[in-house]
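# Residue-level structure breakdown
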Amino acid sequence: DAGVIQSPRHEVTEMGQEVTLRCKPISGHNSLFWYRQTMMRGLELLIYFNNNVPIDDSGMPEDRFSAKMPNASFSTLKIQPSEPRDSAVYFCASSLALYNSPLHFGNGTRLTVT
Amino acid sequence: QQQVKQSPQSLIVQKGGISIINCAYENTAFDYFPWYQQFPGKGPALLIAIRPDVSEKKEGRFTISFNKSAKQFSLHIMDSQPGDSATYFCAANLSGTYKYIFGTGTRLKVLA
């Protein structure tokens, strides 16, 4: 079990640039979640997918953020254009599509927007 | 309200002591309460979890106490060790969904 794989681990970009974060969930997991972690707000759910379909994107901060899941083994979170306040650690997590199924997190992408 | 309030924000405990972290919620639609442990540079990992029909669950040195009427639950770490130094998050799952709401985290430091 390779776990949830995220890339890149670190991303430094300038304000206004497009940023794409990538996630490979655990094989067989059919729910995928994107979280953002900051000191001020803790872990915030941005969006989650079930069977590749976005179910709840109410946590996406604004239209600059978009997420896709083209197949069961890959998801992206895109920020365009990026702003300094987007600086945070972004986590992807996956789980079985069962209620109370535990989340398995990746090691995150630390994004710094200058 | 879909919030989970966690305290304290940080905690320092001597080796061998008991670490206690508390969480409170308001939404009675939460029906599953996990605790996650996070080490620096890593993602959170499930530590232990409880359902509201149980008042206590113990796994090794880790115990969850659950008070349904008070809408509170807590994590107790017995015989705390330096290796337990990490950030701990409580969470709550909204019934009938895959959605978890996390507390703000407690940074625990266990002194050797």
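Here, the structure is the one placed above.
If you're wondering where the values come from, they're calculated on a predicted model, not measured in any experiment.

Basis of the calculations
- Residues numbered from 1 in each chain as written.
- Chains lettered and ligands numbered in written order.
- Predicted model: local features only at pLDDT ≥ 70, side-chain atom pairs only at ≥ 80, totals over all residues.
- Heavy atoms only, no water.
- Helix = DSSP H or I, 4+ residues; strand = E, 2+ residues; numbered from the N terminus.
- Rg over C-alpha atoms; globule rule 2.2 N^0.38 Å.
- Buried < 20%, exposed > 50% of the residue type's maximum accessible area, 1.4 Å probe, protein only.
- Contact = heavy atoms within 4.5 Å.
- Areas by Shrake-Rupley, 256 points an atom, 1.4 Å probe, with all protein chains shown as cover.
- Lys, Arg positive; Asp, Glu negative; His and termini not counted.
- Charge placed at Lys NZ, Arg CZ, Asp CG, Glu CD.
- Disulfide = S-S within 2.5 Å.
- Pairing = 2+ DSSP bridges.
- Axes fitted to C-alpha atoms, helices over the stretch in contact; angles between N-to-C directions.
- Core = buried A, V, L, I, M, F, W, Y, C linked by side-chain atoms within 4.5 Å.
- Buried area = accessible area lost by both parts, 1.4 Å probe.
- Salt bridge = Lys/Arg side-chain N within 4 Å of Asp/Glu carboxyl O.
- Phe/Tyr/Trp six-rings, centres within 6.5 Å; stacked < 30°, edge-to-face > 60°.

### Comments concerning the overall build of chain B
When helices and strands are counted, chain B shows zero helices and 11 strands. The linear arrangement of helices and strands in chain B, starting from the amino end, is β-β-β-β-β-β-β-β-β-β-β. By the compact-globule yardstick of 13 Å for 112 residues, chain B fits well, its C-alpha radius of gyration being 13 Å. Expressed as a percentage of its 112 residues, the buried residues of chain B come to 49%. For chain B, restricting intrachain contacts to residue pairs at least 6 apart in sequence, the fraction spanning at least 24 positions comes to 54%. Accessible surface, chain B as shown: approximately 5,400 Å² in total, 49% of it carbon and sulfur. Side-chain charges in chain B split into 12 positive and 7 negative, and the spacing between the mean points of these groups amounts to 7 Å.

### Some remarks on the state of the cysteines
Throughout this description, disulfide means a covalent bond between two cysteine sulfur atoms. Residues and elements named next belong to chain A. Counted under the stated rule, the structure contains two disulfides over all chains. A sulfur-sulfur distance of 1.9 Å marks the disulfide that ties Cys23 to Cys92. Judged by the sign of its S-S torsion, about -65 degrees, the bond between Cys23 and Cys92 is left-handed. Of this pair, Cys23 sits in strand β3 (residues 19–24) while Cys92 sits in strand β9 (residues 88–95), and the two are 69 residues apart along the sequence. Under the relative-accessibility criterion, Cys23 is labelled buried at 1%. A residue is classified by how much of its surface remains accessible, and Cys92, at 0% relative accessible area, is buried.

### Describing the sheet that holds strand β6 (residues 56–59) of chain B
All names here are of chain B. What the five strands build is an open sheet, ordered β1-β3-β8-β7-β6; its pairing is antiparallel. This sheet does not close on itself; its edge strands, each paired only once, are β1 (4–7) and β6. Taking the axes of each pair of neighbouring strands and ignoring which way they run, one obtains an average angle of 15 degrees across the sheet. When strand β3 (residues 19–25) meets strand β8 (residues 72–77), the two strands line up antiparallel, connected through six bridges.

### With respect to the environment of Leu46 of chain A
Examined against the element boundaries, Leu46 of chain A turns out to sit in strand β5 (residues 42–50). Here Leu46 of chain A is in contact with Trp34, Tyr35, Arg36, Asp56, Asp57, Ser58, Gly59, Met60, Pro61, Leu77 and Tyr90 of chain A, once residues within four sequence places are set aside.

### Section: the nonpolar core
Residues and elements named next belong to chain B. With 26 residues, the main nonpolar core has Val4, Phe30, Phe33, Trp35, Phe73, Leu75 and Tyr88 as its most contacted residues. Elements with a minimum of two residues in this core: β2 (10–14), β3, β4 (30–38), β5 (45–50), β7 (62–67), β8, β9 (86–94) and β11 (106–111). Per-element accounting of this core gives the leading share, five residues, to β9. Leu75 has contacts with Ser19, Ile20, Ile21, Trp35, Leu47, Ile48, Phe62, Thr63, Ile64 and Tyr88, leaving out every residue within four places of it along the chain.

### Points about the interface of chain A and chain B
Reports often express the size of an interface as the amount of accessible area lost when the parts come together. Counting from both sides, the interface comprises 23 residues of chain A and, opposite them, 19 residues of chain B. Here chain A meets chain B over a buried area of about 1,900 Å², counting both sides, of which 54% is carbon and sulfur. If you sort the residues of chain A by the area they bury against chain B, Leu43, Tyr99 and Asn100 of chain A come out on top, with a joint share of 32%. On the surface where chain A and chain B come into contact, there are one salt bridge.

### Quick word on the packing of aromatic side chains
Tallied over the entire structure, the rule returns 19 aromatic pairs over all chains. With centroids separated by 6.2 Å and ring planes inclined at 25 degrees, the aromatic side chains of Tyr25 of chain B and Phe66 of chain B adopt a geometry described as stacked. Separated by 41 residues along the polypeptide, Tyr25 of chain B in strand β3 and Phe66 of chain B in strand β7 bring together distant segments of the chain. The same class applies to Tyr25 of chain B and to Phe66 of chain B, which are both buried. Ring pairs connect the aromatic residues Phe33, Tyr35, Tyr48, Phe91 and Phe105 of chain A together with Tyr36, Phe89, Tyr98 and Phe102 of chain B, which therefore count as one cluster.

### Notes on the pairing of β8 of chain B
All names here are of chain B. In terms of burial, β8 is a largely internal element, five of the six residues being buried. In this structure, β7 lies alongside β8, joined through six bridges in antiparallel fashion. Its bridge partner lying in β8, Phe62 is registered against Ile77. In this structure, the hairpin formed by β7 and β8 is closed by a connection of four residues, where Lys71 is found at a positive phi of approximately 55 degrees.

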